[in-house]
Amino acid sequence: MKASVITEVGKPFMVVEMEIADPIGAEVAFDVKASGLCHTDLHFATTDFGHQMPALFGHEISGVVTAIGPDVTTIAVGDHVVACLVQFCGKCEKCLSGKTYECKHPEATMRKEGQPPRITMDGQPVNQVMGVGGFAEKALMHENQLAVVNKQIPFAQASLIGCAVVTGAGSAIHAAKVAVGDSVAIIGTGGVGLNTISGARLAGARRIIAIDIDDEKLEAAKKFGATDVVNSKTVDPIQAVKDLTGGGVDHAFEVIGMAMTQKQAVEMCGMGGQAYFIGLAKPGTTIELDTSLQALLDQKGVHGVLMGSVNLKADIPMYADFYVQGRLVLDDLVTQEINISEINEAYDALTKGGIIRSVITSF
Ligand code: CXF
Ligand code: ZN
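Residues numbered from 1 in each chain as written. Chains lettered and ligands numbered in written order. Predicted model: local features only at pLDDT ≥ 70, side-chain atom pairs only at ≥ 80, totals over all residues. Heavy atoms only, no water.

## Considerations on the overall build of the protein
Link 1 in the chain: Assigned secondary structure in the protein consists of ten helices and 20 strands.
Link 2 in the chain: Here the C-alpha radius of gyration of the protein, 20 Å, is about what a compact globule of 363 residues would show, namely 21 Å.
Link 3 in the chain: With the C-alpha coordinates of the protein rotated into their principal frame, the extents come out at 60 × 40 × 40 Å.
Link 4 in the chain: Relative to its 363 residues, the protein shows a buried fraction of 53%.
Link 5 in the chain: Counting every atom, the protein has about 15,400 Å² of accessible surface; 52% of that belongs to carbon and sulfur.
Link 6 in the chain: Distance between charge centroids for the protein: 4 Å, based on 28 positive and 41 negative side chains. (Helix = DSSP H or I, 4+ residues; strand = E, 2+ residues; numbered from the N terminus. Rg over C-alpha atoms; globule rule 2.2 N^0.38 Å. Buried < 20%, exposed > 50% of the residue type's maximum accessible area, 1.4 Å probe, protein only. Areas by Shrake-Rupley, 256 points an atom, 1.4 Å probe, with all protein chains shown as cover. Lys, Arg positive; Asp, Glu negative; His and termini not counted. Charge placed at Lys NZ, Arg CZ, Asp CG, Glu CD.)

Dropping the structure here:
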């Protein structure tokens with residue numbers, strides 16, 4: 001099959017031929033119909049996070065099931081599926097208490113030592129990053145990482161549910177448990193930030209303040225449900241949020257992954273407000289916080305959020321239904337559809353701005 005590999009951190013993506021095995025156990029094989037270019041894969045390809053090379057990235061995919069292993073119970077041939085990078089065993093106490101995103105045995109979704117590799121290149125195993133490996137024509141994954149979705153949702157839109165939507169919307173709905181009437185600020189209105197806005201709207205937030213340095217992105221944020229927009233290039237975002245809310249928000253989401261904006265998120269919270277770090281920051285990023293008497297009086301909280309605290313088997317089909325019912329904006333997230341050979345150019349364009357998501361739909 002055709003696939004796009006990274007052989008060394010800092011090297012470009014390169015289209016190559018790979019071999020993919022047949023499903024065994026609880027594995028599902030499917031034709032990839034759409035594969036989104038999430039910013040995380042660019043981080044992983046350009047900064048050393050310790051991924052074994054050669055690596056097959058791509059974790060935002062949808063497709064049609066072609067074969068299943070003998071132990072698969074939740075998915076059938078012909079189903080439309082969306083993948084998610086959250087790996088869970090379904091048996092540990094975390095999974096059984098409903099926190100699959102904190103699973104103690106994520107390795108249960110991978111083949112064991114001694115079993116033949118799922119994916120190879122020139123006979124050598126390829127690292128299927130986070131169990132997905134979506135920059136390829138075909139995929140082979142554990143059924144726990146796949147959800148079956150409504151066939152009415154187009155593949156490009158469906159693929160984005162697997163990461164941008166669950167991460168963004170889930171941060172508001174599940175991690176923050178935004179309640180009807182709450183006030184919310186979102187710093188960074190890229191693919192994930194726009195979905196945080198959607199999640200806050202679905203949860204009934206009264207005030208949804210979008211913050212970015214790009215007026216075009218802020219205009220887009222209004223379509224997703226932002227009630228107010230703040231350009232932090234021209235005004236101080238902390239003061240602006242305090243002015244709009246009479247003291248600060250109930251929930252502030254940082255979706256960029258930078259120390260400066262993480263600190264802003266904490267500072268724009270009102271009394272009892274909670275800050276959520278969603279964006280992936282470079283290794284070693286730190287912030288300083290005032291932990292004196294004021295911290296006790298403010299009663300704020302700071303949380304790291306992984307993948308919007310998603311329970312993927314329940315949440316992904318739910319978001320697909322919301323889209324089909326016209327209650328979740330996804331069409332405006334797909335900026336362009338590309339060929340698998342155009343990943344490098346598409347990531348360059350993402351870095352320069354003007355792109356929300358590029359989605360591979362041809363191979
Ligand atoms: C990432 C953030 C860093 C850990 C893996 C998941 N989120 C989405 O791309
Ligand atoms: Zn992602």
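## Describing the coordination of the zinc ion (ligand 2)
Link 1 in the chain: In this structure, C38 (SG), H59 (NE2) and C163 (SG) serve as the protein donors to the zinc ion (ligand 2), at separations of 2.0 to 2.2 Å.
Link 2 in the chain: For the zinc ion (ligand 2), the four donor atoms in the first shell make angles of 97 to 131° at the metal, so the coordination geometry reads as tetrahedral.
Link 3 in the chain: Mapping the donors of the zinc ion (ligand 2) onto the primary sequence gives the spacing C-x20-H-x103-C. Note that H59 is positioned in the loop between β5 (55–56) and β6 (61–68) and C163 in helix α3 (residues 155–175), a separation of 104 residues in sequence. For the residue pair H59 and C163, the accessibility class agrees, reading buried in each case. (Donors = N, O, S within 2.8 Å, 3.2 Å for Na, K, Ca; no water. Tetrahedral: all angles 85-135°; square planar, octahedral: opposite > 155°, others 65-115°.)

## As for the site of ligand 1
Link 1 in the chain: Residues in close proximity to ligand 1 include C38, T40, H59, L85, M130, C163, L306 and M307, which together make up its full environment.
Link 2 in the chain: One of the side-chain nitrogen or oxygen atoms of T40 is found 2.6 Å away from an oxygen atom of ligand 1.
Link 3 in the chain: Here an oxygen atom of ligand 1 sits 3.3 Å away from a polar atom, N or O, in the side chain of H59.
Link 4 in the chain: For ligand 1, the accessible surface in isolation is 270 Å², of which the surrounding protein chains cover 79%.
Link 5 in the chain: Along the lines of polarity and charge, the residues of the shell around ligand 1 split into six nonpolar, two polar and no charged. (Near = heavy atom within 4 Å. Polar contact = N/O pair within 3.5 Å; in protein donor to acceptor, adjacent residues only side chain to side chain. Nonpolar A, V, L, I, M, F, W, Y, C, P; charged D, E, K, R; others polar.)

## A word on the environment of Y276
Link 1 in the chain: With respect to the element layout, Y276 can be found in strand β17 (residues 269–277).
Link 2 in the chain: Classification of Y276 by relative accessible area gives buried; the value is 3%.
Link 3 in the chain: Note: C-alpha distance between Y276 and M18 (258 residues apart in sequence) is 39 Å.

## A closer look at helix α9 (residues 312–324)
Link 1 in the chain: The terminal C-alpha atoms of α9, which comprises 13 residues, lie 18 Å apart, in line with the 18 Å expected from a rise of 1.5 Å per residue.
Link 2 in the chain: For α9, every residue scored as buried is listed here: L312, D315, I316, P317, Y319, A320, F322 and Y323.
Link 3 in the chain: As for α9, its buried residues are in contact with β7 (80–83), β12 (146–148), α3 and α4 (191–203).
Link 4 in the chain: Just beyond α9, the residue with positive phi is G326, at close to 80°. (Expected span 1.5 Å × (residues − 1). Contact = heavy atoms within 4.5 Å.)

## Side note on the sheet that holds strand β9 (residues 124–125)
By way of backbone hydrogen bonds, the strands of a sheet pair with one another, either parallel or antiparallel.
Link 1 in the chain: Across the sheet, three strands lie side by side as β3-β8-β9; this open sheet has antiparallel pairing. The open sheet is flanked by β3 (19–20) and β9, the only strands paired with a single partner.
Link 2 in the chain: One ladder, built from two bridges, connects strand β8 (residues 119–121) with β9; its direction is antiparallel. When the bridges of β9 are listed, T120 appears paired with P125. (Pairing = 2+ DSSP bridges.)

## Observations concerning the pattern of salt bridges
Link 1 in the chain: Summed over the entire model, instances satisfying the criterion amount to twelve salt bridges.
Link 2 in the chain: E27 serves as the salt-bridge partner of R111, at 2.8 Å between the closest nitrogen and oxygen. Here R111 is found in the loop between α2 (93–96) and β8, whereas its partner E27 is found in strand β4 (residues 27–36), with 84 residues between them in sequence.
Link 3 in the chain: The buried category is assigned to E27, whose relative accessible area is 4%.
Link 4 in the chain: Measuring nitrogen to oxygen at the nearest pair gives 3.1 Å for the salt bridge that ties K138 to D31. Taken together, the residues span a long stretch of sequence, with K138 in strand β11 (residues 138–142) and D31 in strand β4 at a distance of 107 residues.
Link 5 in the chain: Bridged by salt links that share partners, the residues E27, R111 and R118 form one connected network. (Salt bridge = Lys/Arg side-chain N within 4 Å of Asp/Glu carboxyl O.)

## Overview of the sheet that holds strand β13 (residues 183–187)
Link 1 in the chain: The six strands lie next to each other as β15-β14-β13-β16-β17-β18, forming an open sheet whose pairing is parallel. For this open sheet the edge positions go to β15 (228–231) and β18 (301–304), each flanked by a neighbour on one side alone. Within this sheet the neighbouring strands show an average axis-to-axis angle of 20°, counted without direction.
Link 2 in the chain: Sheet topology places β13 next to strand β16 (residues 249–254); four bridges connect them, and they run parallel. (Axes fitted to C-alpha atoms, helices over the stretch in contact; angles between N-to-C directions.)

## Some thoughts on the UniProt feature "domain: Enoyl reductase (ER)" (unreviewed entry) in the protein
Link 1 in the chain: As recorded in UniProt, the sites labelled "domain: Enoyl reductase (ER)" (unreviewed entry) are residues 10–360.
Link 2 in the chain: The span residues 10–360 is 29% helix and 25% strand, and its two end C-alpha atoms sit 21 Å from each other. (UniProt positions renumbered as here; feature names shortened; annotations may be inferred.)

## Considerations on a negative patch on the surface
Link 1 in the chain: Judged by side-chain charge, E17, E19, D122 and E137 come together as a negatively charged surface patch.
Link 2 in the chain: Along the chain, E137 turns up in the loop between β10 (127–128) and β11. (Patch = residues over 30% accessible without salt bridge, like charges linked within 9 Å, V, L, I, M, F, W, Y side chains within 5 Å.)

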